[in-house]
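Given next are the chains, with one letter for each unit.
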Amino acid sequence: MKQYDLVIVGGGPAGLAAAVSAKDSGIDSILIIERDRELGGILNQCIHNGFGLHTFKEELTGPEYASRFIDQVMERGIAYKLNTMVMDISPEKKVTAMNREDGMFEIDAKAVILAMGCRERSRGALNIPGYRPAGIYSAGTAQRLVNMEGYMPGREVVILGSGDIGLIMARRMTLEGAKVKVVAELMPYSGGLKRNIVQCLDDFGIPLKLSHTVVDIEGKERVEAVTIAEVGADRRPIPGTEERYTCDTLLLSCGLIPENELSKSAGVSINPITSGPVVNDSLETSIPGIFACGNVLHVHDLVDYVSQEASSAGKNAAAYIKNGAPADAKTVEIHPVDGVRYTVPKYIRPSEMDDNLTVRFRVGDVYKNCCIATYFDDALISRRKRPVMAPGEMEQVILSKAKLSEYPDLSKITIRIEEGE
């Protein structure tokens, strides 16, 4: 059995940043395992710009951003295996993987970082009546076909769902000469970043119809037309609101879901809201020595935040490898209520955390002129006014270790949305 101090599952932006951070924290025995034929993960097909503004203070494309971290991995001589699939992770941190050269093999690791990213949610495709003709793609599949394989999925396009990939593909298909007729979104708000709505739809005159969904797909061999209809508060189509669009392609952008089959088989506790692991302030899961970061933990809106989070996971995994699990430290749960859907992390240990800890979360609706309020037990600690908050954009609260030390008997932290003054 091979042995490594740290095994990182996934060679995308999270895995790369975690590896660099762990190496810089003094861990030399590191292995990145990537199932694709190259490092970089999903960034390799994201050829649009807008990456790296926080991390590198300049605007990069996805492949450029990935290459910066790949270069750092190469400079540090960190080992990696491509075309290698992790089949199982045991609670004892034994990693079972396979590839063509080595066959099935096992690695005994002192710590594991989960960085498998996310996959597209197919649920939206399952509730649509009609046939299943050619021409129906997930937005990410279409993105790979256009940007990496050099194929054009279609010429007349309807998009269901307004997640960031769907919005970006509306622009991409238009630039390649296709006619994007409409973007329909089931919810009364977009699931994507505001800047993407402006740059990808408004700038190209593509209509976004909120509270709409696809109710029929026409065509047996190939998509011929799609009918959308308005939905009520119960998300059910309203009779008489149908609109028919002739098209040859339907792209589905119905959200992303963390890729956590391996996490579940390892026995990691999963948050039902995020579909990612429950973690503490070290990004450590319910199994000591197994850490999680990036989109496998919760779906991020910016890759820069993925890199920040992964760097923290790498540093914390290094500390675990060197020092083992800390003595039983007091744990405080963060309670998301009143519009806050979840928090990452869910638990903090005030005695073990860094001087400042960023708690990230998403809201459950669109809020205007409201405040993010943080309470230690019943004491109001901070209240930050926000002009607009939407589910498509992550929010954050920074907890201070110094402030927490003033509340030694703290039993819970509450983060909620309150009416603005």
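The shown structure was predicted, so the numbers you read here are calculated from the model rather than taken from an experiment.

A few words on the sheet that holds strand β13 (residues 225–230). The strands that make up a sheet pair up through hydrogen bonds in the backbone, lying either parallel or antiparallel. The strand order across the open sheet formed by 3 strands is β12-β13-β14, and the pairing between neighbours is antiparallel. In this open sheet, the two edge strands, each paired with only one partner strand, are β12 (212–218) and β14 (243–246). Strand after strand, the sheet turns through a mean of 25° between neighbouring axes, direction not considered. Taken together, the 4 bridges between β13 and β14 define a ladder with antiparallel strand orientation. If you follow Ile228 over to β14, its bridge partner there is Glu243.

Along the chain, the position of Val344 falls in the loop between β18 (332–337) and β19 (347–348). With relative accessibility at 6%, the residue Val344 sits in the buried group. Expressed as a C-alpha distance, the spacing of Val344 and Asp281, which sit 63 residues apart in the sequence, is 8.3 Å. Ignoring anything within four residues of it in the chain, the contact list for Val344 reads Val279, Leu283, Leu297, His298, Glu309, Thr358, Val359 and Arg360.

A word on the nonpolar core. Nonpolar side chains in soluble globular proteins generally cluster together in the buried interior. Within the largest apolar cluster, 62 residues are counted, with the highest numbers of intra-cluster contacts made by Leu6, Ile8 and Ile89. Here this core gets 8 residues from one element, more than from any other, and that element is helix α8 (residues 303–323). Filtering out sequence-adjacent residues up to four positions away, Ile8 remains in contact with Gly15, Ala18, Ala19, Ile30, Leu31, Ile32, Ile33, Ile113 and Ala115. Formed by 20 residues, the second largest nonpolar core is a distinct cluster that contains Met353, Phe361, Met389 and Ile413.

Rules used in this analysis
- Residues numbered from 1 in each chain as written.
- Predicted model: local features only at pLDDT ≥ 70, side-chain atom pairs only at ≥ 80, totals over all residues.
- Heavy atoms only, no water.
- Pairing = 2+ DSSP bridges.
- Helix = DSSP H or I, 4+ residues; strand = E, 2+ residues; numbered from the N terminus.
- Axes fitted to C-alpha atoms, helices over the stretch in contact; angles between N-to-C directions.
- Buried < 20%, exposed > 50% of the residue type's maximum accessible area, 1.4 Å probe, protein only.
- Contact = heavy atoms within 4.5 Å.
- Core = buried A, V, L, I, M, F, W, Y, C linked by side-chain atoms within 4.5 Å.

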